[in-house]
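Given next are the chains, with one letter for each unit.
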Amino acid sequence: MITADLPIYTVTREVTNDEIDDLNHVNNVVYNQWANEIAVEHWLNVGTEALKKQFDWVMIKHNLEYKAAAFLGDTIEIKTQVGQATNVKYERFIEIYNATTQQLLVKTKSVWCAINKKGKPVKISQELRDLFETLT
């Protein structure tokens, strides 16, 4: 669950026609895509150039809980924040809202593993933790 004690990274976007399924709402696969995109964007936004050249992240577990539907033209607010870290893994929470009504549409909890450029897990250093956990 996203809380106020760690930094929250937020993006806003509009639902496009190619994200709508035959039930006339955002396809469930799209929520997965948005979750992946914001996690990657968050890393690219906070990571230093040196760290981005050394490390990547891979999602190893992902749970979504659907609360309500989004529709064509809706403005969507997507928020993410890290949770608990272990030696090589980080929890990540993502919440997706209708930006106009602030209705929660989807919430997720995923686990991400830090890897080197050869695809091997690496220890999450204090430097990496500080990028995600330091309030500014």
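A brief report on the enclosed structure follows. (Residues numbered from 1 in each chain as written. Predicted model: local features only at pLDDT ≥ 70, side-chain atom pairs only at ≥ 80, totals over all residues. Heavy atoms only, no water.)

Another aspect to go through is the packing of helix α1 (residues 28-46) against helix α3 (residues 126-133). It is at 10 Å that the axes of α1 and α3 come closest, and there the two elements cross at 110°. If you check the angle between α1 and α3, you find them roughly perpendicular. Contact with α1, carried on its side by H42, W43 and V46, involves L128, L131 and F132 of α3 and no other residues of that element. Looking at the contact of α1 with α3, its residues break down into five nonpolar, one polar and no charged. (Axes fitted to C-alpha atoms, helices over the stretch in contact; angles between N-to-C directions. Helix = DSSP H or I, 4+ residues; strand = E, 2+ residues; numbered from the N terminus. Parallel < 35°, antiparallel > 145°, perpendicular 65-115°, else oblique. Contact = heavy atoms within 4.5 Å. Nonpolar A, V, L, I, M, F, W, Y, C, P; charged D, E, K, R; others polar.)

Core analysis: the largest hydrophobic core is formed by 18 residues, its most contacted members being V26, W34, I76, I78 and I96. Counting only elements with at least two residues in this core, the list comes to β1 (9-14), α1, β3 (75-85), β4 (89-98) and β5 (104-116). Of the residues forming this core, the biggest block, five residues, is contributed by α1. Not counting chain neighbours up to four residues away, the residues in contact with I96 comprise Y31, W34, I76, E77, I78, Q103, L104, L105 and V106. Core analysis: the second largest hydrophobic core is formed by 14 residues, L6, L51, W112 and I124 among them. (Core = buried A, V, L, I, M, F, W, Y, C linked by side-chain atoms within 4.5 Å. Buried < 20%, exposed > 50% of the residue type's maximum accessible area, 1.4 Å probe, protein only.)

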